[in-house]
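# Coordinate inspection notes
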Amino acid sequence: MDSGRRAPPAFSLENAGFAYEAGTDALRAVSLAVDRGDRLAILGANGAGKSTLLRILAGLLHPDSGTLRAFGEEISERSLRDRATAYAFRRRVGLVFQNADSQLFSPTVRDEIAFGPLQLDLPLEQIERRIADLAGMLGLTDLLDRPPYRLSGGEKRKVALASVLVVNPDAILLDEPTQGLDPRTRGWLLHFLGELHQAGKTLVTATNDLELVPDLADRALVLNEAHGVEAEGPVREILADARLLQSVNVIHEHAHHHGERLHVHPHFHGTDHDHEH
């Protein structure tokens, strides 16, 4: 084996197009490459295709055109019919949904976390050990026998994250991970995602929270309202380009920077308003 050969990227998507219904495009000719260990943010207006793109990378949707490769293997509806290919892919790639209620369906937190590794036929003793370890790490030990629907929003988010981390994926896809979280839980999540990155995990995050993008990613991919790629580059450069961000409708003309942080204040146009700093 050539030890000097570079490993294939975690994800390689080429000219991907997808439509939910005839004539309703969700993505148009989208290409991207995500190296192993990268942190990529996907930015764009609501409806630009961020969630669709994550679901394609997760193998839950398949592009109508173009190709997806994950860790060097082509991923398609046909390839995932092969048990070995599907097993390897599901083991390496996990998606945390935007709405935790859409992801949680088991009668207890314990069952929820166990579901993924059970589908991968992991030994029961190993599953139990992983559940205990993750529950301790995420502060879920006292909640393991509770039904997920009785948890707070932050607790549900932790369970959803645990249900993905329990299979120890190499790449974690996150759809609006901070949405609806209180400041304490949001701070905890950002710190935890930083630890995952330090451990070598590949992180791809779709978000509208531009103020937090520097904490979530090093590179950004910007989708436009025509569902294609408008720009890609280092987070610092993307966030500094107000004209770009205005053109794709993710900020308005009142957005401004505090140091390297981009701040967006809501305004009601047609009335006088002042900034408070």
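Look up: the structure comes first, before these words.
Please read all numbers here as calculations on a predicted model, not as lab measurements. (Residues numbered from 1 in each chain as written. Predicted model: local features only at pLDDT ≥ 70, side-chain atom pairs only at ≥ 80, totals over all residues. Heavy atoms only, no water.)

By size, the foremost hydrophobic cluster in this structure holds 36 residues, and its most contacted members are Ile 113, Leu 140 and Ile 172. Breaking this core down by element, the ones donating at least two residues are helix 4 (109–119), helix 5 (124–138), helix 6 (153–165), strand 7 (171–175) and helix 7 (183–198). For this core, the element with the highest residue contribution is helix 6, accounting for six residues. Counting residues in hydrophobic clusters, the runner-up holds 34 residues, among them Leu 40, Ile 75, Ala 171 and Ala 206. (Core = buried A, V, L, I, M, F, W, Y, C linked by side-chain atoms within 4.5 Å. Buried < 20%, exposed > 50% of the residue type's maximum accessible area, 1.4 Å probe, protein only. Helix = DSSP H or I, 4+ residues; strand = E, 2+ residues; numbered from the N terminus.)

As enumerated under the stated definition, the model contains four aromatic pairs in all. Their ring planes at 55 degrees and their centres at 6.3 Å tell us that Phe 11 and Phe 71 sit as a pair that is tilted. Of this pair, Phe 11 sits in strand 1 (residues 11–21) while Phe 71 sits in the loop between strand 4 (65–70) and strand 5 (73–74), and the two are 60 residues apart along the sequence. An identical accessibility class is assigned to Phe 11 and Phe 71; each is buried. With a centroid separation of 5.0 Å and an interplanar angle of 85 degrees, the aromatic rings of Phe 105 and Phe 115 are classed as edge-to-face. You can see Phe 105 sitting in the loop between helix 3 (100–103) and helix 4 and its partner Phe 115 sitting in helix 4, a full ten residues away along the chain. (Phe/Tyr/Trp six-rings, centres within 6.5 Å; stacked < 30°, edge-to-face > 60°.)

Residues Val 93 and Leu 95 of strand 6 (residues 93–96) are buried on one face, and the alternating residues Gly 94 and Val 96, pointing to the opposite face, are buried as well. With four bridges connecting them, strand 6 and strand 7 associate as parallel partners. Residue pairing for strand 7: Gly 94 is matched across the bridge by Ile 172. (Pairing = 2+ DSSP bridges.)

In space, the four strands of this open sheet follow the order 2-1-4-5, with antiparallel pairing throughout. Across the chains shown, the open sheet's two edge strands, defined by having one partner strand only, are strand 2 (24–34) and strand 5.

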